[in-house]
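Okay, here's what each chain looks like letter by letter:
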Amino acid sequence: MTDMIRTSGLVKRYGDVTALDGLDLAVPKGTILGLLGPNGAGKTTAVRILTTLLEPDAGVAEVAGIDVHAHPDKVRERIGLSGQNAAVDEHLTGFENLDMVGRLYHLGKTKSRERARELLDQFELDEAGDRPAKTYSGGMRRRLDLAAALVASPEVLFLDEPTTGLDPRSRINMWNAIRSLVDGGATLLLTTQYMEEADQLADDIVVIDHGRKIAHGTADQLKTQLGGERIEIVVDELGHLEVTQSILGELCIGDVQVNRQSRKLTAAVTGGAGILQEALRRIDATNVTLLDVGLRRPTLDDVFLTLTGHVAEEKPDEGTNGELVEVPEEFKEEEVV
Amino acid sequence: MASVAHTLGDGAVVARRNLIKIKRVPELLLWTTMSPIMFVLLFGYIFGSAIVLQGTTYREFLIAGIFAQTVVFGATFTGAGMAEDMQKGIIDRFRSLPMARSAVLVGRTASDIAYNSISLVVMSLTGLLIGWSISTNALEALGGYLLLLFFAYAVSWVMAYVGMLVSSPEAINNASFMVIFPMTFIANTFVPIDNFPSVLKTVAEWNPVSTLAQAVREAFGNTDPSMYNTDAWSLHNPIVYTLIWIVILLVIFIPLSVRQYQKTAARSK
């Protein structure tokens with residue numbers, strides 16, 4: 001398999017801050033790589049280097065076998081970029097935005113216009129297509145931005161946090177759109193700080209922190225690597241949290257995580273269903289009523305916590321508040337029991 | 001290497017985008033056209049009441065000066081437009097596309113020719129209403145208008161460069177005010193320079209805004225004998241001297257701006 005995206009030893013410093021500290025990546029043709037990390041981990045810097053927007057201080061970056069530093073123009077012909085901030089002109093209509101991008105890819109007048117209409121249809125923006133983009137909702141702008149990245153049907157796509165700030169419904173729409181891209185044969189690098197997103201979309205996940213790769217594998221591999229399942233219990237009353245916590249504490253490895261708001265306790269265990277049965281027996285002896293019980297494999301959130309010692313959303317400057325991101329039921333980890 | 005046709009084609013796409021903004025935000029155009037009207041009326045009636053010329057009326061003398069001042073000030077739009085673009089995500093989109101590197105600048109400066117053309121039309125109509133007229137032929141007059149637009153285009157490249165150096169679009173107004181205001185006033189734009197103190201007079205004689213106004217007055221036939229009370233070569237050959245300035249500005253600021261564009265855009269976030 002050919003690697004459509006490759007970096008080796010990528011380094012980028014901003015003054016004293018090292019944004020990238022020797023990053024190696026390889027993305028085979030037709031696959032999605034999820035680049036996962038908290039704010040400031042270096043995800044955007046990596047994308048900016050690969051899309052010719054930034055020069056690295058050291059290391060090599062290649063897209064479709066072309067050296068990004070040596071031939072930026074050739075790279076630009078083959079890539080599409082959808083950035084963190086929707087890069088659309090707000091005074092232009094959706095159609096005008098896409099048409100403009102088509103002309104700048106030198107598709108020609110007729111082809112640009114056709115492609116613009118086609119993409120507006122595909123992203124359900126056909127009705128809003130002739131309204132200025134400043135009238136669009138956040139989700140619509142993101143879809144328009146993604147559509148702009150697809151105008152020239154590029155072989156390689158870079159999506160930098162495509163769903164940050166979107167509501168759950170828009171996020172699922174975006175996920176579906178992204179899945180259909182890879183069905184069309186594109187190679188994709190996706191950055192995200194949402195564990196669920198990498199889990200849902202990526203064939204391969206690279207976890208980075210402080211500009212360095214700290215883990216690499218498929219979602220399953222990463223979870224297996226960290227071993228063990230998680231017992232999740234929701235109790236009926238706040239007052240019952242403490243007693244349940246101490247019971248779980250006797251059985252689990254490490255600390256029991258308690259979320260008071262949802263009255264949920266999470267504990268890492270080894271020994272699977274047997275341990276869960278034991279826990280339930282002990283809780284039964286008390287007057288605690290359980291609203292929900294489950295044994296699940298670790299999520300990428302758990303993975304990240306274990307790898308870095310801190311939660312992923314360390315700097316809550318984008319509307320996230322340290323809580324895990326709420327994801328609709330159907331996208332939650334399937335429970336083993 | 002991107003060919004010239006490639007650059008112009010991409011520049012035209014960007015210019016079209018800038019012009020659509022004028023259509024969508026008509027207030028911009030309103031202010032662009034209101035201030036020249038105000039200038040023509042204000043100066044025409046206020047200064048006109050005090051200044052007497054021998055060969056022509058003050059209002060005739062004034063028009064070319066106001067034209068020169070307005071198109072030079074118009075370059076501020078270029079600077080503000082560039083400063084605004086550099087702050088937005090759209091510049092990342094442009095830089096990741098296989099378009100000519102200078103296209104954003106080419107498009108920006110080109111679309112501002114449209115701004116200037118519109119204000120020239122509005123000012124000409126206002127001028128006609130208050131008694132200005134062209135006493136030469138259409139061809140010469142056209143030459144005058146072209147020289148104005150050409151000079152404004154060169155100054156646009158200067159302001160595009162400045163626009164990328166400042167941190168916000170608002171800063172450009174202050175920056176340009178400090179430079180453009182004296183540049184358009186220490187000149188023969190609004191009053192004859194005969195009675196200027198000696199140093200200022202020399203500056204005014206060699207100021208390209210003076211020679212631009214002088215050349216345009218000649219093109220419109222709004223000349224006055226006092227305009228030639230000078231030994232300065234520049235004012236006796238205003239067209240050539242102005243053209244020299246245009247070439248110098250373009251030769252310096254086109255490459256400088258293109259380089260700055262690459263640098264600034266790479267730095268932003």
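Residues numbered from 1 in each chain as written. Chains lettered and ligands numbered in written order. Predicted model: local features only at pLDDT ≥ 70, side-chain atom pairs only at ≥ 80, totals over all residues. Heavy atoms only, no water.

## Remarks on the overall build of chain B
When helices and strands are counted, chain B shows eleven helices and zero strands. Listed N to C, the secondary structure of chain B is α-α-α-α-α-α-α-α-α-α-α in terms of helices and strands. Relative to a compact globule of 269 residues, whose C-alpha radius of gyration would be 18 Å, chain B shows 19 Å and is just as compact. Each principal axis of the C-alpha distribution contributes one length, and for chain B these read about 60 × 35 × 35 Å. Split into buried and exposed, the 269 residues of chain B put 54% on the buried side. Residue pairs in contact within chain B that sit at least 24 positions apart in sequence constitute 80% of those at least 6 positions apart. Accessible surface computed for chain B: about 11,600 Å², of which carbon and sulfur atoms make up 71%. (Helix = DSSP H or I, 4+ residues; strand = E, 2+ residues; numbered from the N terminus. Rg over C-alpha atoms; globule rule 2.2 N^0.38 Å. Buried < 20%, exposed > 50% of the residue type's maximum accessible area, 1.4 Å probe, protein only. Contact = heavy atoms within 4.5 Å. Areas by Shrake-Rupley, 256 points an atom, 1.4 Å probe, with all protein chains shown as cover.)

## Notes on the overall build of chain A
When you go through chain A residue by residue, the secondary structure sums to eleven helices and 14 strands. Taking all 337 residues of chain A together, 53% fall into the buried category. The contacts in chain A between residues at least 6 apart in sequence include a share of 68% that link residues at least 24 apart.

## Regarding the packing of helix α3 (residues 58-87) of chain B against helix α9 (residues 208-220) of chain B
Residue and element names in this part refer to chain B. Closest axis-to-axis distance for the α3/α9 pair is 9 Å, and the angle between their directions is 135°. Judged by the angle between their axes, α3 and α9 are oblique. In terms of crossing hand, the pair formed by α3 and α9 is right-handed. Contact with α3, carried on its side by Phe 61, Ala 64, Gly 65, Phe 67, Ala 68 and Val 72, involves Val 209, Leu 212, Ala 213, Val 216, Arg 217 and Phe 220 of α9 and no other residues of that element. Broken down by class, the residue content of the contact of α3 with α9 amounts to ten nonpolar, one polar and one charged. (Axes fitted to C-alpha atoms, helices over the stretch in contact; angles between N-to-C directions. Parallel < 35°, antiparallel > 145°, perpendicular 65-115°, else oblique. Left-handed = near helix turned anticlockwise from the far one by under 90°. Nonpolar A, V, L, I, M, F, W, Y, C, P; charged D, E, K, R; others polar.)

## What to know about the confidence of the model for chain B
With 97% of its residues at a pLDDT of at least 70, chain B reaches an overall mean of 89. This prediction of the complex comes with two scores: 0.81 for pTM and 0.85 for ipTM. (pLDDT = per-residue confidence, 0-100.)

## Re helix α8 (residues 198-206) of chain B
Residues and elements named next belong to chain B. Regarding α8, the residues found buried are Lys 201, Ala 204 and Glu 205. Each buried residue of α8 lies within a common arc of 100° when the element is viewed along its axis, so the set occupies one face. Looking at the buried residues of α8, the elements they touch are α9 and α10 (233-236). (Arc of directions from axis to C-beta.)

## Digging into the sheet that holds strand β3 (residues 32-36) of chain A
Residue and element names in this part refer to chain A. The strand order across the open sheet built from six strands is β6-β7-β8-β3-β9-β10, with neighbouring strands paired in mixed fashion. Looking along the sheet, the strands with just one partner apiece sit at the ends: β6 (79-82) and β10 (212-217). Within the sheet, the average angular offset between the axes of one strand and its neighbour, ignoring direction, is 15°. By the bridge criterion, five bridges tie strand β9 (residues 204-209) to β10 in an arrangement that is antiparallel. Looking at the pairing, Ile 205 lines up with Gly 217 of β10. Helix-sheet contacts for helix α1 (residues 43-50) involve β3, β6, β7 (156-160), β8 (187-192) and β9, and the interaxial angle to β8 is about 150°. Against the sheet, helix α5 (residues 138-150) makes contact with β6 and β7, and its axis sits at roughly 170° relative to β6, the strand it touches most. (Pairing = 2+ DSSP bridges.)

## With respect to a nonpolar patch on the surface
Residue and element names in this part refer to chain B. A cluster of nonpolar side chains, contributed by Trp 206, Trp 233, Val 240, Ile 244, Ile 248 and Ile 252, occupies part of the molecular surface with about 540 Å² of accessible area. Looking at which element gives the most residues to the nonpolar patch, the answer is helix α11 (residues 238-267), with four residues. Take Val 240: it is sitting in helix α11. (Patch = residues over 30% accessible without salt bridge, like charges linked within 9 Å, V, L, I, M, F, W, Y side chains within 5 Å. Salt bridge = Lys/Arg side-chain N within 4 Å of Asp/Glu carboxyl O.)

## Side note on the pattern of salt bridges
This model, assessed by the stated rule, comprises 23 salt bridges over all chains. A salt bridge links A:Glu62 to A:Arg6; its shortest N-O distance comes to 3.6 Å. Of this pair, A:Glu62 sits in strand β4 (residues 58-63) while A:Arg6 sits in strand β1 (residues 3-14), placing them 56 residues apart in sequence. A:Arg6 sits in the partly exposed class, given a relative accessible area of 32%. When the shortest N-O distance is used, the salt bridge between A:Glu278 and A:Arg282 registers 2.9 Å. Of this pair, A:Glu278 and A:Arg282 both sit in helix α10 (residues 272-284), four residues apart, roughly one helical turn. In the salt-bridge network here, residues are joined through shared partners; they are A:Asp89, B:Arg17, B:Asp85 and B:Arg108.

## A look at the interface of chain A and chain B
Each side of the interface is counted separately: chain A has 30 residues, and chain B has 24 residues. With both sides pooled, the region where chain A packs onto chain B buries about 2,500 Å², and carbon together with sulfur makes up 57% of that total. At the surface where chain A touches chain B, the tally comes to five salt bridges. B:Arg17 is paired through a salt bridge with A:Asp89; the nearest N and O atoms lie 2.5 Å apart. Of all elements in the fold, only α2 (72-76), β6, α3 (94-104) and α5 of chain A reach the threshold of two or more residues within the side of chain A that touches chain B. A per-element tally of the side of chain A that touches chain B places α3(A) first, with six residues. In terms of residue class, the side of chain A that touches chain B is built from 14 nonpolar, six polar and ten charged. (Buried area = accessible area lost by both parts, 1.4 Å probe.)

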